[in-house]
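Listed here are the chains, written in short residue letters.
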Amino acid sequence: MPRNVRDVVFVDGVRTPFGKAGPKGIYHETRADDLVIACIRELMRRNPSLPPARVDEVAIAATTQIGDQGLTIGRTAALLAGLPREVPGYAIDRMCAGAMTAVTTAAGGIAFGAYDVVVAGGVEHMGRHPMGEGADPNPRIISEQLVDPSALVMGNTAENIHDRFPQLTKERADRFAVGSQEKAAKAYADNLIQPDLVPVAARSVEQGWGLATADEPMRPGTTLEGLAALKTPFRPHGRVTAGNAAGLNDGATACLLAAEDTARELGLPIKMRLVQFAFAGVEPEVMGIGPVPATEKALERAGLSIDDIGLFELNEAFAVQVLSFLDHYKIADDDPRVNKYGGAIAFGHPLASSGVRLMTQLARQFEAHPEVRYGLTSMCIGLGMGGTVIWENPNWTGADADATAAGANSEGNDK
């Protein structure tokens, strides 16, 4: 039986400020699920024309699905956030790309007609649940030489990329990291980040109760000289440091996705239109190169080239990982299209939550850049994968924008 494939749109996205993991972090005494709940409640508050009963699904990702970020967190968070009991939910895991996968999985359901509106996001409380806590990797993956032992330590995989591509020097990685901090500080100064942050009441060991309103990991004033002096924890005389990599962080994200016709029916904003997505596997030992084949696959399926992409939001798990992507596509390290507001090196990377942070920042950039038609969000994924999502700017003012949109709507109605 033929079915119409519906256009999927990104309606809105929010996140908590990201915190430093550990006893001194702002969220040390805050539950992971409460961070998600704050995001879901804020989405509903910001979009009052959306009846809560119209939410068809809640998909929430977590990498370490135990304790307060276990027990099918999508369902429990939906209940605790006050959504109707009829709204189902589930949990999902694709390590760093958890929230990204929550979005793409939910988007498939919307396109197919199973859902009209979905909440998708992710959380990681790395202070309570360090990556790999409770995991029991099958020893055969090492003993049968399916992967090199370095593949199980993300910092070692970044060092391996430096080995494979000698032109990706530590000096380049440090310079990129300084740029990330500078762009993030400027974005804060221009009030481009704060509108999508959810203030969270939190209790820290050192300061007691307070309100988290800004990202804790940021290090404005970072210099090349300062980064050059940092230790290289993953190997002696290595190149990966705490300064040119994302830290260990706590935080949550959530977004609203909808069928475009439903968004228009309910008067919801349309901030981005999903074009295509792809995931790809690579050698686990160099997992940071995963965004390259994922992007190639997504571009091919979309009928686009890298030259069609006007804005890039690349997750900065490690500076060298982003640099490997830029070198592959012959993009300059300081290209203004890349991570205009800074990235995870500055803001933090609470693993499964980060995919929606990338999307939220891209959506805000689309509003400011109507001359840009396409943008992408991409990230590397532990155990040797990459994920890329291509988005279209609904604010695009190209000469044939109206004609293109009319043609697309006509084509969709004819299917």
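Residues numbered from 1 in each chain as written. Predicted model: local features only at pLDDT ≥ 70, side-chain atom pairs only at ≥ 80, totals over all residues. Heavy atoms only, no water.

Some details on the overall build of the protein chain
- A tally of regular secondary structure across the protein chain gives 13 helices and 12 strands.
- Taking 2.2 N^0.38 as the reference for a compact globule, 415 residues should give roughly 22 Å; the C-alpha atoms of the protein chain span a radius of gyration of 20 Å, in line with that estimate.
- A total of 415 residues make up the protein chain; the buried ones form 58% of that total.
- When contacts within the protein chain are restricted to residue pairs at least 6 apart in sequence, those whose partners lie at least 24 apart make up 79%.
- Surface summary for the protein chain: the accessible area is close to 16900 Å², and the carbon and sulfur share equals 54%.
- When the 38 basic and 51 acidic side-chain charges of the protein chain are each reduced to a single mean position, those positions are 2 Å apart. (Helix = DSSP H or I, 4+ residues; strand = E, 2+ residues; numbered from the N terminus. Rg over C-alpha atoms; globule rule 2.2 N^0.38 Å. Buried < 20%, exposed > 50% of the residue type's maximum accessible area, 1.4 Å probe, protein only. Contact = heavy atoms within 4.5 Å. Areas by Shrake-Rupley, 256 points an atom, 1.4 Å probe, with all protein chains shown as cover. Lys, Arg positive; Asp, Glu negative; His and termini not counted. Charge placed at Lys NZ, Arg CZ, Asp CG, Glu CD.)

Observations concerning the packing of helix α6 (residues 170-189) against helix α10 (residues 319-328)
- Between α6 and α10, the shortest axis-to-axis distance is 9 Å and the interhelical angle comes to 100°. Taken together, the axes of α6 and α10 are roughly perpendicular relative to one another. Across from R172, A173 and F176 in α6, the residues of α10 making contact are A319, V322, L323, L326 and D327.
- Class assignment of the residues belonging to the contact of α6 with α10 gives a composition of six nonpolar, no polar and two charged. (Axes fitted to C-alpha atoms, helices over the stretch in contact; angles between N-to-C directions. Parallel < 35°, antiparallel > 145°, perpendicular 65-115°, else oblique. Nonpolar A, V, L, I, M, F, W, Y, C, P; charged D, E, K, R; others polar.)

Here we look at the packing of aromatic side chains
- This model, assessed by the stated rule, comprises five aromatic pairs.
- With centroids separated by 6.5 Å and ring planes inclined at 40°, the aromatic side chains of Y188 and F347 adopt a geometry described as tilted. Remark: F347 occurs in helix α11 (residues 344-347) and Y188 occurs in helix α6; sequence separation between them is 159 residues. F347 carries the same exposure label as Y188, and that label is buried.
- An angle of 70° between the planes, with centres 6.2 Å apart, marks the rings of F312 and F325 as edge-to-face. (Phe/Tyr/Trp six-rings, centres within 6.5 Å; stacked < 30°, edge-to-face > 60°.)

Here we look at the UniProt feature "active site" (unreviewed entry) in the protein chain
- Sequence positions flagged by UniProt for "active site" (unreviewed entry) are, in local numbering, C96, H349 and C380. In sequence the annotated residues extend across 285 residues, while in space they remain close, none of their C-alpha pairs exceeding 12.0 Å.
- Inspection of the secondary structure assignment puts H349 in the loop between α11 and α12 (354-368).
- When sequence neighbours within four positions are dropped, the list of residues in contact with H349 reads C96, M126, A246, G247, N249, N315, A317, A344, S354 and M379. (UniProt positions renumbered as here; feature names shortened; annotations may be inferred.)

Let's talk about the UniProt feature "domain: Thiolase C-terminal" (unreviewed entry) in the protein chain
- UniProt tags residues 270-392 as "domain: Thiolase C-terminal" (unreviewed entry).
- From the first C-alpha to the last, residues 270-392 spans 11 Å; its make-up is 33% helix and 26% strand.

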